[in-house]
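Close look at the chain arrangement
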Amino acid sequence: MTAIRVAGLGKSYQVSHAGQRRGYRTLRETLVETAQAPLRRLRGRRSAAQTTEEFWALKDVSFDVAPGEVVGIIGNNGAGKSTLLKILSRITKPTTGRVVLNGRVGSLLEVGTGFHPELTGRENIYLNGSILGMSQKEIDRRFDEIVAFAEVERFLDTPVKRYSSGMYVRLAFAVAAHLEPEILIVDEVLAVGDAGFQKKCIQRMGEVAHGGRTVILVSHDLPMVGKLSNRLIWIKDGQVHQTGRPAEVIDAYQSHAVQVVQQEAVVDLSSHPNRSRRYTPLLKQLRLFGADGRPASAFPVGGRVDLEIDLRRPSGVAETYASVDICDLGGSPVGQLSTETHPLLGTTGGLDCTYCCRFEPILLMPGEYTLNVRLGDMEDYRDVVMSAARFTVLPADHFGSGRLPERKFGPVVLCGEWTVN
Amino acid sequence: MSTGLSKPPDSTDAGDLAPRHDAADLPGDPRLRTVIEPPQGWQVINFGELWRYRELLLFLCWRDVKVRYKQTALGAAWAILQPAMMMAVFMVFFGRLAGVSTGEIPQSLFFLSGILPWFFFSTALTNAANSVVGSERLITRIYFPRLAIPFATVAAAAVDLVVACGLLAAMVVGYSVAGYTIAPGWTLLMVPVAIGLVGLTAAGLGAFLAALNVAYRDFRYVVPFFIQLGMFATPAIYMRPTAGEGEAVALLRALNPMNSLIETFRAGVLGGPVPWGRLGVAAAIAVVVFLAGCLYFRRVEERFADIV
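Note that this is a predicted model, so its numbers are computed, not measured.

Focus: the overall build of chain A
Tallying secondary structure elements over chain A gives eight helices and 18 strands in all. Considering only residue pairs separated by 6 or more positions, chain A has 70% of its internal contacts joining residues 24 or more positions apart.

Given below as structure tokens:
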């Protein structure tokens, strides 16, 4: 008997041409549109509805999960993982397909759901527990364990708005961690808090995962999800791309990301294979130049790289921000250059423009790195291309000593001076 | 039911579970089986599920009530003070200035017994209408029957009403001791009936407006206006039926269910005659409004998480 059967699942959204999905509207808009309809037909124009597109977040996804199995779901941002979880958690309905779940389902799509700042820790435990699906008796039974796990005994009767963010998050996780459904669906909530508490969280998730419960787990932390899962499903562009043993799938996933990225000085972003389908292509092209002004994709330690990003700014937005973040080949982030943090000079009138970034000095250890490019406004990202380009940092004698530190000490080259008295 | 807790598959298993595309029904305890399918138009009102989630409904109600009076100096006394202040205003404007007569019933009692059920209705309706939009974070993160949201706000308003009825009860006792002929007797049974029907109407209308508000945010501006209008359209709050009333007023009295329910409430509390005919009509309207409102809510609720 399978615990979960997913068959032919699909979910589509209507996306307006501006690239955003804003579900609600005002009555005025609907009335105006309806009033204008006969006029539009007279003029032979297309109806207003055709200015929206259908976007399939998930398409024909099928898989089975056996009772007690732990299945991890990985994939790029915008691949559809969260949509899948939302459907499994009954938050949103599918457009096609069917899911059958055998057993009590508990969903953790975030910690602290329903927490109210005015209520005390004790009251929030009951409220949150109830929202997660625990009965009052269950909460009574596990109350002391929850409090002990969260380490907030002394502050149980203080309103949660007075908690530090660490305490808040510990309490939220503690309640969620003591949920005991037969099927558990978890979305990247896992390790929260400081290092010590994070270890506790991961350990607890391990206990839950191997306690005979059926678990579906989404995370970007590949090593962790690989360790906890019996099986991995890789979702790409809304479909199941590969499923199998964790080690195999992670390997395939990582080499895919790296393969796709050519080591080139001029990268086309608008039809980049790693482009997230969620966004309209506003980022157009990325160019890298070395200190001599010529296109390059390898740079010495302590050198300079000039990045140029051709993009189209979203219309109707006051301020747009561009950012480039650098990751090493394993996917660990190293640093970010962004117009929010670093000074931005110059102005531009039109929507099409080029953002240039001078990254100097390159204080990164020799090796290969990838770049993620993002464009956003004050509220949200408008376009993102992950692993857009790859570049190499070449060893160079930056300090004049003929040596650089060993790579094991980290990706950053620190500058400093020693004197002795 | 046996949960089939077999040993978790060996991590060396090949991931060779070829999914079959027939979604044939699986064996297992049907009580614990959940089937998720694309939306299918009109949905049945899920009373069974709401009953299973009753604890959550009570917790949400408890949360609303607690939060409302946290950090206020007067706390729950506001549940009494607000209607009491309105009663005072009515006594000045309708009683003194407009010269409306309330017959043998003391003015304060007359007005308060009209104000309390109206307050319950208007608070429940206003809060319910904004409840789903206000619970956006909950709706997009966790599943529970969404009707619990507006229902919980109606329940929270009922709690306030019960507290305020304390004042009403004290006044009734005080006045009858002071010599007025106020003899509720068996008519007290009509009080919960009237309140129940008011609650039902508020729940139905509230669910309807809550659902509308998710798609069309305009309604949050429209609701307060219509409630104000509603108060004027419910003469029972501030006026006794008099012989010289115009036809319009008589029509309002007959058709507006809130009117009949408030009259019933007042009769229940003060021992007057119960308007059975109009009460029957109001009860029928309440049930229809409740079912229609909930049906509409259920039809639209599947899209809440996508558009809120």
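Picking up after the structure, the text goes on.
Remarks on the overall build of chain B
For chain B, the count of helices and strands is 12 helices and one strand. What you see in chain B, going N to C, is helices and strands ordered as β-α-α-α-α-α-α-α-α-α-α-α-α. Here chain B, with 308 residues, has 41% of them falling under the buried criterion. Across chain B, the fraction of contacts at a sequence separation of at least 24, relative to all contacts at a separation of at least 6, is 81%.

Focus: the sheet that holds strand 7 (residues 214-218) of chain A
Residue and element names in this part refer to chain A. Taken in spatial order, the six strands make up an open sheet running 5-6-7-3-8-9, and their pairing is mixed. Two strands in the sheet have a free side with no partner beyond their single neighbour: strand 5 (105-108) and strand 9 (239-244). The sheet shows a mean angle of 15° between the axes of neighbouring strands, direction not considered. For strand 5 and strand 6 (residues 183-187), the ladder comprises four bridges, and the chain directions are parallel. By the bridge assignment, Leu108 is partnered in strand 6 with Val186.

Brief notes about the domain arrangement of chain A
What the domain assignment reports for chain A is domain 1 (1-39 + 49-104 + 222-260) and domain 2 (266-409). In this structure, domain 1 of chain A and domain 2 of chain A have C-alpha centres spaced 29 Å apart.

Overview of the sheet that holds strand 18 (residues 381-394) of chain A
Residue and element names in this part refer to chain A. As summarised here, the arrangement of the five strands in space is 12-18-17-14-15, forming an open sheet in which the pairing is mixed. Strands with a single pairing partner mark the edges of an open sheet, and in this sheet they are strand 12 (298-300) and strand 15 (333-338). Taking the axes of each pair of neighbouring strands and ignoring which way they run, one obtains an average angle of 30° across the sheet. Sheet topology note: the strand 12/strand 18 ladder contains three bridges and is parallel. Following the sheet pairing, Pro300 is matched in strand 18 by Leu394.

Focus on helix 3 (residues 77-97) of chain B
One full turn of an α-helix is made of 3.6 residues, so residues set three or four places apart face in the same direction. Residues and elements named next belong to chain B. Taking 1.5 Å of rise per residue, the 21 residues of helix 3 would be expected to cover 30 Å, and the 29 Å separating its terminal C-alpha atoms lies within 8% of that figure. At Phe90, helix 3 shows its maximal bend, which comes to roughly 25°. The complete set of buried residues in helix 3 reads Ala79, Pro83, Met87 and Phe90. Looking one or two residues beyond helix 3, the residue adopting positive phi is Gly99, at roughly 65°.

Brief notes about the packing of helix 3 (residues 121-132) of chain A against helix 5 (residues 165-177) of chain A
Residue and element names in this part refer to chain A. Across the interface, helix 3 lies against helix 5 with an axial gap of 10 Å and an inter-helix angle of 40°. Here helix 5 runs oblique to helix 3, going by the angle between their axes. Seen along the crossing, helix 3 lies across helix 5 with a hand that is right-handed. Mapping the contact onto sequence places Gly121, Ile125, Asn128, Gly129 and Leu132 in helix 3 and Leu171, Ala172, Val175 and Ala176 in helix 5. For the contact of helix 3 with helix 5, the class distribution of residues is six nonpolar, three polar and no charged.

What about the packing of helix 7 (residues 190-215) of chain B against helix 10 (residues 257-270) of chain B?
All names here are of chain B. Direction vectors running N to C along helix 7 and helix 10 enclose 155°, while the axes themselves pass 8 Å from each other. Relative to helix 10, helix 7 is oriented roughly antiparallel. By crossing handedness, the relation of helix 7 to helix 10 is classed as left-handed. Here helix 7 contributes Met190, Val191, Ala194, Ile195, Leu197, Val198 and Thr201 to the contact with helix 10, which in turn contributes Pro257, Leu261, Thr264, Phe265, Ala267, Gly268 and Val269. Class assignment for the residues of the contact of helix 7 with helix 10 results in 11 nonpolar, three polar and no charged.

A word on the environment of His241(A)
Residues and elements named next belong to chain A. The topology assignment puts His241 in strand 9. The class of His241 is partly exposed, set by 17 C-beta atoms lying within 10 Å. For His241 and Leu307, which are 66 residues apart along the polypeptide, the C-alpha to C-alpha distance reads 33 Å. Non-local contacts of His241, meaning those with residues more than four positions away in its chain, are made with Trp234, Ile235 and Lys236.

Focus: the pairing of strand 17 (residues 367-377) of chain A
Residue and element names in this part refer to chain A. By the bridge criterion, nine bridges tie strand 14 (residues 320-328) to strand 17 in an arrangement that is antiparallel. Residue pairing across strands places Val324 opposite Val373, the latter belonging to strand 17. Judged from the nine bridges that link them, strand 17 and strand 18 form a sheet pairing that is antiparallel. Within strand 18, the residue paired with Gly376 across the bridge is Tyr381. Hairpin remark: strand 17 followed by strand 18, antiparallel, with three residues in the connecting loop.

Description of helix 2 (residues 54-69) of chain B
With 16 residues, helix 2 of chain B extends 23 Å from end C-alpha to end C-alpha; this agrees with the ideal 22 Å at 1.5 Å per step. Along helix 2 of chain B, the positions that sit buried rather than exposed are Leu56(B), Leu57(B), Phe59(B), Leu60(B), Cys61(B), Arg63(B) and Val65(B). If you follow the buried residues of helix 2 of chain B, they end up packed against helix 3 of chain A together with helix 6 (148-177) of chain B. Backbone geometry just after helix 2 of chain B places Gln71(B) at a positive phi near 65°.

Points about the environment of Ala157(B)
All names here are of chain B. Its place among the elements puts Ala157 in helix 6. Along the sequence, Ala157 and Thr123 sit 34 residues apart, while their C-alpha atoms lie 6.3 Å from each other. Non-local contacts of Ala157, meaning those with residues more than four positions away in its chain, are made with Phe120, Thr123, Ala124 and Asn127.

Some words on unusual backbone geometry
Backbone geometry follows two general trends: most residues other than glycine have a negative phi, and most peptide bonds adopt the trans configuration. Residues and elements named next belong to chain A. Of note, the bond from Glu360 into Pro361 is cis; its omega dihedral lies within 30 degrees of zero at -10°. When you line up the elements, Pro361 lands in the loop between strand 16 (352-359) and strand 17. Positive phi, close to 50°, is recorded for Asp237, a residue that is not glycine. Structurally, the position occupied by Asp237 is in the loop between strand 8 (231-236) and strand 9. Residue Asp237 is classed as partly exposed on the basis of its 16 C-beta neighbours within 10 Å.

Focus: the environment of Leu375(A)
Residue and element names in this part refer to chain A. In this fold, Leu375 is placed in strand 17. When the 24 C-beta atoms within 10 Å are taken as the criterion, Leu375 is described as buried. For the pair Leu375 and Arg313, spaced 62 residues apart in sequence, the C-alpha to C-alpha distance is 8.4 Å. Excluding its chain neighbours within four sequence positions, the residues that come into contact with Leu375 are Leu282, Leu283, Leu311, Thr320, Ala322, Arg382 and Asp383.

Describing the confidence of the model for chain B
All names here are of chain B. Looking at chain B as a whole, its pLDDT mean stands at 82, while 89% of the residues score no less than 70. When pLDDT is averaged over each element of chain B, helix 7 comes out on top at 93 and helix 9 (residues 247-255) at the bottom at 77. Predicted confidence for residues 1-28 stays below pLDDT 50, and this span has 50 contacts to residues more than four positions away or in other chains. With a pTM of 0.72, the predicted complex shows an ipTM of 0.78.

Rules used in this analysis
Residues numbered from 1 in each chain as written. Chains lettered and ligands numbered in written order. Predicted model: local features only at pLDDT ≥ 70, side-chain atom pairs only at ≥ 80, totals over all residues. Helix = DSSP H or I, 4+ residues; strand = E, 2+ residues; numbered from the N terminus. Contact = placed C-beta atoms within 7 Å. Buried ≥ 20, exposed ≤ 12 C-beta atoms within 10 Å, placed from the backbone. Pairing = 2+ DSSP bridges. Axes fitted to C-alpha atoms, helices over the stretch in contact; angles between N-to-C directions. Domains from an automatic or database assignment. Expected span 1.5 Å × (residues − 1). Bend = angle between axes of the 7 residues up to and from the residue. Parallel < 35°, antiparallel > 145°, perpendicular 65-115°, else oblique. Left-handed = near helix turned anticlockwise from the far one by under 90°. Nonpolar A, V, L, I, M, F, W, Y, C, P; charged D, E, K, R; others polar. pLDDT = per-residue confidence, 0-100.

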